[in-house]
Every structure is written in structure tokens, then in C-alpha cells.
Amino acid sequence: VLKEESTACPFSQEGPITALIENLLDSASSPILTALVKFALYLYHEEKFKATATLLDKILQQNLAADFPYDPLILTLVAAYSYHRAEDSNQAAKLYKKCAKMLKKLESSERDAEVDLFLGIVHRELGELERAEMFFQSCMANIKDIEGSLQEASLYQEFGKIAEKRKEYDKASEYFTRH
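Residues numbered from 1 in each chain as written. Predicted model: local features only at pLDDT ≥ 70, side-chain atom pairs only at ≥ 80, totals over all residues. Heavy atoms only, no water.

A word on helix α3 (residues 49-60)
In step 1: For α3, spanning twelve residues, the distance from its first C-alpha to its last is 16 Å, which sits close to the expected 16 Å at 1.5 Å a residue.
In step 2: For α3, a buried count of ten out of twelve residues is recorded, marking the element as mostly surrounded by other parts of the structure.
In step 3: For α3, every residue scored as buried is listed here: Phe-49, Ala-51, Thr-52, Ala-53, Thr-54, Leu-55, Leu-56, Asp-57, Ile-59 and Leu-60. (Helix = DSSP H or I, 4+ residues; strand = E, 2+ residues; numbered from the N terminus. Expected span 1.5 Å × (residues − 1). Buried < 20%, exposed > 50% of the residue type's maximum accessible area, 1.4 Å probe, protein only.)

Quick look at the packing of aromatic side chains
In step 1: This model, assessed by the stated rule, comprises six aromatic pairs.
In step 2: Centroid distance Tyr-44 to Phe-49: 5.5 Å. Interplanar angle 80 degrees. Geometry classified as edge-to-face.
In step 3: Here Tyr-44 falls in the partly exposed class, since its relative accessible area comes to 23%.
In step 4: Taken together, Phe-136, Tyr-156, Phe-159 and Tyr-175 form an aromatic cluster joined through their ring pairs. (Phe/Tyr/Trp six-rings, centres within 6.5 Å; stacked < 30°, edge-to-face > 60°.)

Brief notes about the packing of helix α2 (residues 30-45) against helix α4 (residues 72-85)
In step 1: At their nearest, the axes of α2 and α4 sit 12 Å apart, and the two run at 35 degrees to each other. Crossing angle aside, the handedness with which α2 passes α4 is left-handed. Contacts between α2 and α4 involve Val-37, Leu-41 and Tyr-44 from the former and Leu-75, Val-78, Tyr-81 and Ser-82 from the latter.
In step 2: Grouping the constituent residues of the contact of α2 with α4 by class yields six nonpolar, one polar and no charged. (Axes fitted to C-alpha atoms, helices over the stretch in contact; angles between N-to-C directions. Left-handed = near helix turned anticlockwise from the far one by under 90°. Contact = heavy atoms within 4.5 Å. Nonpolar A, V, L, I, M, F, W, Y, C, P; charged D, E, K, R; others polar.)

A look at helix α8 (residues 150-165)
In step 1: With 16 residues, α8 extends 23 Å between its outermost C-alpha atoms, agreeing within 8% with the 22 Å of an ideal straight helix rising 1.5 Å per residue.
In step 2: Just beyond α8, the residue with positive phi is Lys-167, at close to 65 degrees.

Observations concerning the packing of α2 against α3
Pairs of packed helices are described in terms of their axes, by the angle between the two and the distance that separates them.
In step 1: One way to put it is that α2 packs onto α3 with a least axis distance of 8 Å and a crossing angle of 160 degrees. With respect to each other, α2 and α3 are oriented roughly antiparallel. Considering the relative orientation of α2 and α3, their crossing is left-handed. Seen from α2, the contacting residues are Leu-33, Leu-36, Val-37, Phe-39, Ala-40, Leu-43 and Tyr-44; seen from α3, they are Phe-49, Ala-51, Thr-52, Leu-55, Leu-56 and Ile-59.
In step 2: Taken together, the residues of the contact of α2 with α3 break down into twelve nonpolar, one polar and no charged. (Parallel < 35°, antiparallel > 145°, perpendicular 65-115°, else oblique.)

Written out as C-alpha cells, the structure is:
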């Protein structure tokens, strides 16, 4: 008899692994947090998105030292994307918004474009089509040398998906065949 594989996140329920993670996080030493990040990235590569997102979210709630070897912005993006892949759009949206606030402190339009793309996808998933369209337009405006690029094709696909959700099939077809 084969057992069904559980899709529940082992860190979101009480149990021995949760207790271990909580104890490790309580110590909050940089080597332990670094090891936990590496474990979360391993989980990500194994496509355990809910576990990845939950663990990274808990790590990011710690006071990370200034010399911590991982960029908190990148970890937040990975956590947000993992929530998105785990079909938890509400948690993903919260973290993407946190990323947007973090980005406002930086001067990198390329990173802004990536976050705008992710925010657009999340808002499209949530059915907030106007906001999604706004983020995709912002993304398109922030990418240098976009004409003829893969990013341009991806954005037209996203605009097509929005038009399709609005039942504007001619417009969707135009976007899908544009590039």
C-alpha cells in the first residue's frame, strides 16, 4: 500500500522539526541562520515551496547581522516567489510589497523591474487586474533595451493574460502574437 505524500508544510504545524527550527532560531547566531538559509534554498531546489517560504519568512523575522552573507531583499523575494508557487497569493503579495518598500531605498531600476513583474503576477493571480497592469507597465518602463528582448515577450504574455481574464479575446490574441 502506497502512502500519499503530504503537501502540508512541516514548519507550519507543531512537531519535532518545528521545535528544532524554533530552538535554532532562538539562538539566532549567524552560522546557524546561514545554515538554515542553505537548507531553505535546498528545499526550494527540491520544489518544496511552502516549506521554503515558511522557513525563510521565519529567518527574515530575526535580527540579521549587517555582515550576514545573504541579502535580505533576495531572501524576501525567494520567500515571496515560493509562497506564490505554493499558491498562497496573499502571503506572496505581502512579501512582494515588503520588497517594493525595500527597493525604494535602493537606486536599481533593474531590481525594480523584477519586483514589478512579480507584483504584477501576484495581483493578476489575485484578480486585481488594474493593479497588475500598472505593475507590468512600470516594469516595461524600467527595463533598458527592452525592444525585441525576452522580457518584452514575457510582458506581452502577461498583458495577454490580463486581456483574456477580461474576456477581451481579440486584444489578448494581439498581445500573444506581438513578439
